[in-house]
Amino acid sequence: METREAAADTLVTLSDIEAAAERISDLVLRTPLIQLPHPERPDEILHCKAESLQPTSAFKLRGAYNTIAQVLDQAREHGIVAQSSGNHARAVAWLAHRLNLRAVIVMPDAAPLPKIAAVRALGAEVEIVPSALRDIRAHELVAEHGYVHVPPYDDPRIIAGQGTVGLEIVQQLPEVDTVLVPISGGGLISGIATAVKGMKPETRVIGVEPELAADAAQSFREGRRITWEQELTYRTVADGLRTPALGVHPWEHVKRYVDDIITVTEEQILSAMRHLTLEGRLVVEPSGAVATAAWMHGLIPGHHDGDTVAAVVSGGSVDPALLAKVLQRQF
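Residues numbered from 1 in each chain as written. Predicted model: local features only at pLDDT ≥ 70, side-chain atom pairs only at ≥ 80, totals over all residues. Heavy atoms only, no water.

**Student:** Sorry, what's going on with the layout of surface pockets here?
**Tutor:** Using a probe with the size of a water molecule, rolled over the atoms, empty space left in the structure can be pinpointed. In this structure, the second largest pocket encloses a volume near 250 Å³. In this structure, the second largest pocket is lined by 18 residues; those nearest its centre are Pro112, Asp239, Ser317, Val318 and Asp319. Looking at the lining of the second largest pocket, the elements that each hand over two or more residues are helix H5 (87-99) and helix H6 (113-121). Counting residues per element, the lining of the second largest pocket draws most heavily on H6, which supplies 3 residues. Broken down by class, the residue content of the lining of the second largest pocket amounts to 8 nonpolar, 5 polar and 5 charged. (1 Å grid on protein atoms, 1.4 Å probe; cavity = no way out; pocket = protein on both sides within 12 Å on 5 of 7 lines; lining within 4 Å. Points joined across faces, edges and corners; volume = space filled by probe spheres on them. Helix = DSSP H or I, 4+ residues; strand = E, 2+ residues; numbered from the N terminus. Nonpolar A, V, L, I, M, F, W, Y, C, P; charged D, E, K, R; others polar.)

**Student:** Sorry if this is basic, but what is going on with the confidence of the model for the protein chain here?
**Tutor:** Atom-level detail of predicted coordinates should not be read off regions where pLDDT is low. This prediction gives the protein chain a mean pLDDT of 95; 97% of its residues lie at or above 70. Per-residue pLDDT stays below 50 along residues 1-6; that stretch engages in 6 contacts with residues further than four places along the chain or on separate chains. (pLDDT = per-residue confidence, 0-100. Contact = heavy atoms within 4.5 Å.)

**Student:** Is there a simple way to explain unusual backbone geometry in this structure?
**Tutor:** Most peptide bonds adopt trans geometry, and most residues besides glycine take a negative phi value. Backbone geometry places Asn100, a non-glycine residue, at a positive phi of 60°. With respect to the helices, strands and loops of the structure, Asn100 is situated in the loop between H5 and strand E4 (103-108). Relative accessible area serves as the criterion here: at 69%, Asn100 is assigned to the exposed category. (Buried < 20%, exposed > 50% of the residue type's maximum accessible area, 1.4 Å probe, protein only.)

**Student:** Explanation requested: the environment of Val129 in the structure shown.
**Tutor:** The topology assignment puts Val129 in strand E5 (residues 125-129). Expressed as a C-alpha distance, the spacing of Val129 and Phe59, which sit 70 residues apart in the sequence, is 24 Å. Setting aside anything within four residues of it in sequence, one finds Val129 in contact with Val106, Met107, Pro108, Asp109, Arg134 and Arg137.

**Student:** Honestly, the side chain of Asp239 in this entry has me stumped. Any pointers?
**Tutor:** In this fold, Asp239 is placed in the loop between helix H12 (230-233) and helix H13 (248-257). A relative accessible area of 11% places Asp239 in the buried class. Within the local environment of Asp239, its side chain forms a polar contact with the side chain of Lys115, the two groups lying 2.8 Å apart. In this structure, Asp239 is in contact with Ser85, Pro112, Lys115, Glu285 and Ser287, ignoring residues within four places of it in sequence. (Polar contact = N/O pair within 3.5 Å; in protein donor to acceptor, adjacent residues only side chain to side chain.)

**Student:** Is there a simple way to explain the sheet that holds strand E2 (residues 45-50) in this structure?
**Tutor:** Strand pairing in a sheet takes place through backbone hydrogen bonds and is either antiparallel or parallel in direction. Spatial strand order, E1-E2-E10-E7-E8-E9: 6 strands in an open sheet with mixed pairing. Each of the sheet's edge strands pairs with one partner strand only, and the pair in question is strand E1 (33-37) and strand E9 (260-264). Here the average twist between neighbouring strands, direction ignored, is 30°. Most of the contacts of helix H15 (residues 286-296) go to strand E10 (residues 309-313), to which it runs at about 160°, and overall it touches E1, E2, strand E7 (178-182), strand E8 (204-210), E9 and E10. (Pairing = 2+ DSSP bridges. Axes fitted to C-alpha atoms, helices over the stretch in contact; angles between N-to-C directions.)

**Student:** Would you take a moment to explain the packing of helix H2 (residues 14-24) against helix H3 (residues 60-69) for this structure?
**Tutor:** Working note: a packed helix pair is described by the angle between its axes plus the distance between those axes. For the pair H2 and H3, the least separation of the axes is 9 Å and the interaxial angle reads 85°. The angle between H2 and H3 places the two elements in the roughly perpendicular class. Along the contact surface, H2 presents Ala20, Arg23 and Ile24, while H3 presents Arg62, Tyr65, Asn66 and Ala69. Looking at side-chain class alone, the contact of H2 with H3 contains 4 nonpolar, 1 polar and 2 charged residues. (Parallel < 35°, antiparallel > 145°, perpendicular 65-115°, else oblique.)

**Student:** Teacher, can you tell me more about the environment of Glu279 here?
**Tutor:** Along the chain, Glu279 turns up in helix H14 (residues 266-279). By relative accessible area, Glu279 is classed as partly exposed at 39%. Expressed as a C-alpha distance, the spacing of Glu279 and Pro37, which sit 242 residues apart in the sequence, is 7.4 Å.

**Student:** Sorry if this is basic, but what is going on with the side chain of Asp215 here?
**Tutor:** Examined against the element boundaries, Asp215 turns out to sit in helix H11 (residues 215-222). No salt bridge forms around the buried Asp215; measuring N to O, its nearest opposite-charge neighbour Arg225 is 7.8 Å away. Excluding residues that lie within four positions of it along the chain, Asp215 makes contacts with Ser184, Glu209, Ile226, Trp228, Thr233, Thr243, Pro244, Ala245 and Leu246. (Lys, Arg positive; Asp, Glu negative; His and termini not counted. Salt bridge = Lys/Arg side-chain N within 4 Å of Asp/Glu carboxyl O.)

**Student:** Please explain the sheet that holds E4 as it appears in this structure.
**Tutor:** Taken in spatial order, the 4 strands make up an open sheet running E5-E4-E3-E6, and their pairing is parallel. Both edges of this open sheet fall to E5 and strand E6 (148-149), since each of them pairs with a single strand only. Bridge analysis of E4 against E5 gives 5 bridges, and the strand direction is parallel. The partner of Met107 across the bridge, within E5, is Ile128. The sheet contacts of H5 involve strand E3 (80-83) and E4, and relative to E3 the element is tilted by about 165°. Seen against the sheet, H6 touches E4 and E5 and runs at an angle of roughly 150° to E5.

So this is what it looks like as structure tokens:
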């Protein structure tokens, strides 16, 4: 286990993120910013960074590829292992298929069945374990078989890869005042905040998470990294945001670069999903809708009329049955 001091010594830089952008450019989509009108104030526009349009339906492809590309020879010799509830698993499996690598994915038994099926369809070996054993089992497999580990968020290479989202937002929208980012393990917001603050320090970066899984918000308020029990975080419909604590490396970046972390309710998340689908023409999973939910419901701290706001729509791997209920307002 790395200490806080060790993590602080390995903060990702803007140069790391720029190098990652070049490294992953052949397989990762430079996603568009989609303009979304407010449901009640149509002149107010949100700029949605549509990571749901990636080949694997989520931003996770960026960090996974940036990591695998740097250990490709080892990965070809030994194979790779990753642990994930869905989107990181799918990204690793997709890359393994494209790069002809053996991949073993450890998934929790609470993972949505469509996400498990998508990983298996790509040819990866899937091992289902109780949620509390997901991380433990991945490390056991590394020790037993020598697989190259591709962690979901707590790694500088992952953070640098996810940071390319922030790089693109500032390049596409130089006037951006606020960037809203879903937060769970913290790899995405760490990279985005590092990129945004390195390019445009005055732009605010705000994390958004479900109030039923608000360990990051509590950590931010109290100034210490807090862990919630999984029975608590697994209450939220946003299955991609159920990680019980920020990673060690992400926490150091969050303390350094993030301006605030706020929470949204389950109903707010689902209403944002519906609005993104109908008005933004984006199929979005609950986790991908939390940042939009904060904007829709006027929860951005310090927001002023006329501010230019971007929100990361992080993923689109939604269960069709849930999406049907959301579109019919059955929530």
